[in-house]
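Residue-level structure breakdown
Given next are the chains, with one letter for each unit.
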Number of protein chains: 2
Amino acid sequence: MSDRPGVKVALIGVGLIGGSIGLAARRVGARVCGYDPDPHVRASALELGAIDSQASDIPGVVAGAEVVFVAAPVGALAATIGEALAHVGADCVVSDVGSTKRAVVDVASADERFVGGHPLAGAETAGVEHARADLFEGATWYLTPAPGTAGVLYERLHRLLRSFGAQPTAIDAFTHDRLMAYVSHLPHVLANLLVTQAADALDVDERLPAVGPSFRDATRVAGANSAIWTDIYLSNRDALLGAIDELAGRLGEVRTALQVGDAAAIAAWNERARSDRDALLGAGLAGGIGGEALLELRASVPNRPGVIAEIALALGRAGVNIVDMALSPSEDNRQGIVALWISGARGLERARELIAELGFPVARA
Amino acid sequence: MSDRPGVKVALIGVGLIGGSIGLAARRVGARVCGYDPDPHVRASALELGAIDSQASDIPGVVAGAEVVFVAAPVGALAATIGEALAHVGADCVVSDVGSTKRAVVDVASADERFVGGHPLAGAETAGVEHARADLFEGATWYLTPAPGTAGVLYERLHRLLRSFGAQPTAIDAFTHDRLMAYVSHLPHVLANLLVTQAADALDVDERLPAVGPSFRDATRVAGANSAIWTDIYLSNRDALLGAIDELAGRLGEVRTALQVGDAAAIAAWNERARSDRDALLGAGLAGGIGGEALLELRASVPNRPGVIAEIALALGRAGVNIVDMALSPSEDNRQGIVALWISGARGLERARELIAELGFPVARA
């Protein structure tokens, strides 16, 4: 089993995210080897207990690994993943932690050993000295399996991430990047604009006049780490440009309603925002995995590449969390059973429907 | 003294803010009479202890009052303040709690008994049932005295607000409204746009895919109470349109840098936002009144209208908090002494300079 004590993890890059993966993996008994282009960072990671051993290059760090995480800057991701894939064996899953996925997946998705990843954690600070074993607890960890992804490798990665306390959630790379443009990258752009505009406009003498908490909330992420965010903005620029253009159009509509003093239009626009917020975040809040009973579902699936990716993506799209999963081949090796553990009866029922729609027989509970 | 037990406060409007003023005033021993156009709201306020007694109209509630707070919707403010001023005596200060100040001040600033006000508290919920005696504790309470404002009435209002735990801060109405457009009204507009755009774009099936905390922070105020916010947006539309146009221009600049892939420009823009945020909010955080010693400053001032407003505005502009103040006339009644209590040696020194610049002799400590 892939989650036995001693699973061999390799980290390429041991900063905040890589280092936290190392701490989390060692806590669950994995053996962790780390490489970082900066030897001082490697030494710090070793000293902080984020890795058991270090290697001085990529071939060295991935030798014998069962799971490889590439935690390189977004700009260097594709090349680094390519190098890792060139040196790992057939029974090894390679993933990354980049904030945008399309560019990476375009390069590596032909390889059945690769699964793109993006943990929603810790983009504000950097450095292995801030690494924490619990950084991913309760965090969504997006995975972007491709049609050819090997099911057994996807399962191994999923279980390891679950052992970190994260919730792995499958999503296709295009949707992921568009989602991030709307809910993360554009809000970061606006936070930057708001603070700079306020600073320029207010002619602050000795300090900012008192402001309510709304400004603090709206600008909390302004000026996030430039080294990280410049890469993020540029690597997702197609989706971000689309989101910016859409925002500019919507801003123009509000401007018109304000200028002509159309109170009814302003009120309707505001009410719409209220219901959208309730729908988006109210539902999101209720969608956690805590509290509800874990229910098992078993389905027969053909033994061909892509089946697990298909199921994971369908459930991810529908917002059904796969809390845990296990694959077992049948005796003739042409079929297999996938067992999924889903949170709550409603999630289970939805998973059952979706898997049946994909054409795979689901066992009755 | 105006802060003796039993100061007579009248409230016109006893919703969240009016009701909280009533609770805070009664806690410090004031007698509070309340009026609200809705008799059920008046009854609730009485039952909740936010007022001692009720009146069924404006002339009735302000009879004998020493301090009147108008807590009417922004759209009805100017008319209500006018009616209150028509019925109060000469020794009564009238204030309001509206989120925009220019429209109100344009109407009422000719009256020496009027001081515009805006507590930075509680715009998200409404209703007397949410009123709290401690709503204003630690909150900035902007005051917009006019050149003709009577010093003794300004002092009375200032001391009463201090007794609520608030920090009264003088600011001119034009600057106040411009400030609010940049740090509150525009952030609210953007929060609305972000949620609606995300809802439209994401084609949410059963719930929002997981998002990081940045989206939650950026949209916390989306769809705030429409009855309140439609008035706020429209009453401050000149300043808000200016802020929107400026934002659109800045957004266009970022768009260009993204489109051409200018990493250096993106990084510089992000760094600029970082330093602006540090300057704005870092300084704001450090500028509280807690902890530092309270120091007294005494100045001789001529006994003419507007002197106290002048001093309060000069100190407010410079970010120096007047924690408390007291006025005492000299024997010949042509001069007077104003005593100010300022937080910290640096604030005291700055206050001393500013008051000397205004031409008023400051006593050595």
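Residues numbered from 1 in each chain as written. Chains lettered and ligands numbered in written order. Predicted model: local features only at pLDDT ≥ 70, side-chain atom pairs only at ≥ 80, totals over all residues. Heavy atoms only, no water.

Some thoughts on the overall build of chain A
Secondary structure summary: chain A contains 13 helices and 11 strands in total. Per-residue burial over chain A gives 57% buried out of 365 residues. The long-range share in chain A, meaning contacts at least 24 apart out of those at least 6 apart in sequence, stands at 69%. (Helix = DSSP H or I, 4+ residues; strand = E, 2+ residues; numbered from the N terminus. Buried < 20%, exposed > 50% of the residue type's maximum accessible area, 1.4 Å probe, protein only. Contact = heavy atoms within 4.5 Å.)

What to know about the relation of the copies chain B and chain A
Under the fitted operation, chain B is carried onto chain A by 0.0 Å of movement along the axis and a turn of 180°, and the coordinates agree to an RMSD of 0.1 Å. In short, the pair behaves as if placed about a two-fold rotation axis. Within chain B, B:Ala218 has its C-alpha nearest the rotation axis, a separation of 2.3 Å. Taken as a fraction of all interface residues of chain B, those also at the interface in chain A reach 100%, which identifies the copy contact as same-surface. (Least-squares fit on C-alpha atoms with pLDDT ≥ 70 in both.)

Focus on the interface of chain B and chain A
Contact residues are listed per partner, giving 87 residues for chain B and 88 residues for chain A. Both sides of the chain B and chain A interface together cover about 8,800 Å² of buried area, and 63% of this is carbon and sulfur. At the boundary of chain B and chain A, one finds eight salt bridges. Measuring nitrogen to oxygen at the nearest pair gives 2.5 Å for the salt bridge that ties A:Arg255 to B:Asp245. At the boundary of chain B with chain A, the tally comes to 32 residue pairs in polar contact (both at pLDDT 80 or more). Listing elements by their share of the side of chain B that touches chain A, those giving two or more residues are strand E7 (140-144), helix H7 (173-202), helix H8 (213-218), helix H9 (226-235), helix H10 (237-259) and helix H11 (263-286) of chain B. Class assignment for the residues of the side of chain B that touches chain A results in 48 nonpolar, 19 polar and 20 charged. (Buried area = accessible area lost by both parts, 1.4 Å probe. Salt bridge = Lys/Arg side-chain N within 4 Å of Asp/Glu carboxyl O. Polar contact = N/O pair within 3.5 Å; in protein donor to acceptor, adjacent residues only side chain to side chain. Nonpolar A, V, L, I, M, F, W, Y, C, P; charged D, E, K, R; others polar.)

Section: the packing of H7(B) against H9(B)
Residue and element names in this part refer to chain B. The geometry of H7 relative to H9 is characterised by a closest axis approach of 11 Å and an angle of 120° between their N-to-C directions. One finds that H7 runs oblique with respect to H9. The handedness of the crossing between H7 and H9 comes out as left-handed. Of the residues in H9, those in contact with Ser184, His185, His188, Val189 and Asn192 of H7 are Trp229, Ile232 and Tyr233. Here the contact of H7 with H9 is built from residues that sort into four nonpolar, four polar and no charged. (Axes fitted to C-alpha atoms, helices over the stretch in contact; angles between N-to-C directions. Parallel < 35°, antiparallel > 145°, perpendicular 65-115°, else oblique. Left-handed = near helix turned anticlockwise from the far one by under 90°.)

Focus on empty space enclosed by the protein
Empty space among the atoms becomes apparent when a probe as large as a water molecule is rolled across them. Residue and element names in this part refer to chain B. A full pass over the atoms with the stated rule returns three cavities of 30 Å³ or more. Lining of the largest cavity is provided by Tyr154, His158, Gln167, Pro168, Thr169, Ala170, Ala312, Leu315, Gly316, Val320, Asn321 and Ile322. Elements with a minimum of two residues in the lining of the largest cavity: helix H6 (151-163), strand E8 (167-170) and helix H12 (307-317). Ranked by residues supplied to the lining of the largest cavity, first place goes to E8 with four residues. Here the lining of the largest cavity is composed, by residue class, of seven nonpolar, five polar and no charged. (1 Å grid on protein atoms, 1.4 Å probe; cavity = no way out; pocket = protein on both sides within 12 Å on 5 of 7 lines; lining within 4 Å. Points joined across faces, edges and corners; volume = space filled by probe spheres on them.)

Comments concerning the sheet that holds E8(B)
Residues and elements named next belong to chain B. Read across the sheet, eight strands follow the order E3-E2-E1-E4-E5-E6-E7-E8 without closing on themselves; strand pairing throughout is mixed. Where the open sheet ends on each side, the last strands, each with one partner, are strand E3 (53-54) and E8. Summarising the sheet, strand E5 (residues 93-96) and strand E6 (residues 114-119) pair through two bridges and their orientation is parallel. From the neighbouring strand, Val94 faces E6, where its bridge partner is Phe114. Across the face of the sheet, H7 comes into contact with E6 and E7 while running at roughly 140° to E7. (Pairing = 2+ DSSP bridges.)

Things to note about the packing of helix H12 (residues 307-317) of chain A against helix H13 (residues 345-357) of chain A
Residue and element names in this part refer to chain A. Axis separation between H12 and H13 bottoms out at 10 Å; the angle between their running directions is 135°. With respect to H13, the element H12 is oriented oblique. The two elements H12 and H13 cross, and the hand of that crossing is right-handed. Contacts between H12 and H13 involve Ile311, Ala314 and Leu315 from the former and Ala351, Leu354 and Ile355 from the latter. Looking at side-chain class alone, the contact of H12 with H13 contains six nonpolar, no polar and no charged residues.

With respect to the confidence of the model for chain A
All names here are of chain A. For chain A, mean pLDDT is 86; residues scoring 70 or higher make up 89% of the total. The low-confidence segment residues 283-290, where pLDDT is below 50, has 11 contacts with residues more than four positions distant or belonging to other chains. For this predicted complex, the interface score ipTM comes out at 0.75, alongside a pTM of 0.76. (pLDDT = per-residue confidence, 0-100.)

Things to note about the environment of B:Arg102
Residue and element names in this part refer to chain B. With respect to the helices, strands and loops of the structure, Arg102 is situated in helix H5 (residues 102-108). Residues Arg102 and Ala173, spaced 71 residues apart in sequence, show a C-alpha to C-alpha distance of 5.2 Å. Apart from the residues lying within four places of it in its own chain, the contact partners of Arg102 are Ala173, Phe174, Asp177, Asn236, Asp238 and Ala239.

Section: the sheet that holds strand E4 (residues 67-70) of chain A
Residues and elements named next belong to chain A. Strand order in the open sheet formed by eight strands is E3-E2-E1-E4-E5-E6-E7-E8, with mixed pairing between adjacent strands. The open sheet terminates on both sides in strands that have one partner only, identified here as strand E3 (53-54) and strand E8 (167-170). Strand direction decides the pairing type here: E4 and strand E5 (residues 93-96), joined by four bridges, are parallel. Across the sheet, Val68 pairs through a bridge with Val94, a residue of E5.

Description of the pattern of salt bridges
A complete count under the given rule lists 36 salt bridges over all chains for this structure. In this structure, B:Arg102 and B:Asp177 form a salt bridge, with 3.7 Å as the shortest nitrogen-oxygen distance. With B:Arg102 in helix H5 and B:Asp177 in helix H7, this pair connects stretches of sequence that are 75 residues apart. Classification of B:Arg102 as partly exposed rests on a relative accessible area of 24%. Overlapping salt bridges bring together A:Asp200, B:Glu246, B:Arg250, B:Arg272 and B:Asp276 as one network.

Some thoughts on the state of the cysteines
Where two cysteines share a covalent bond between their sulfur atoms, that bond is called a disulfide. On inspection of all chains with the given rule, the structure shows zero disulfides over all chains. A:Cys92 forms no disulfide, and the closest cysteine sulfur to it belongs to A:Cys33, at a distance of 12 Å. (Disulfide = S-S within 2.5 Å.)

Concerning the environment of A:Ser300
Residue and element names in this part refer to chain A. Among the structural elements, Ser300 can be located in strand E9 (residues 294-302). A relative accessible area of 23% means that Ser300 is categorised as partly exposed. A sequence separation of 193 residues divides Ser300 from Val107, and the C-alpha atoms of the two residues are 32 Å apart.

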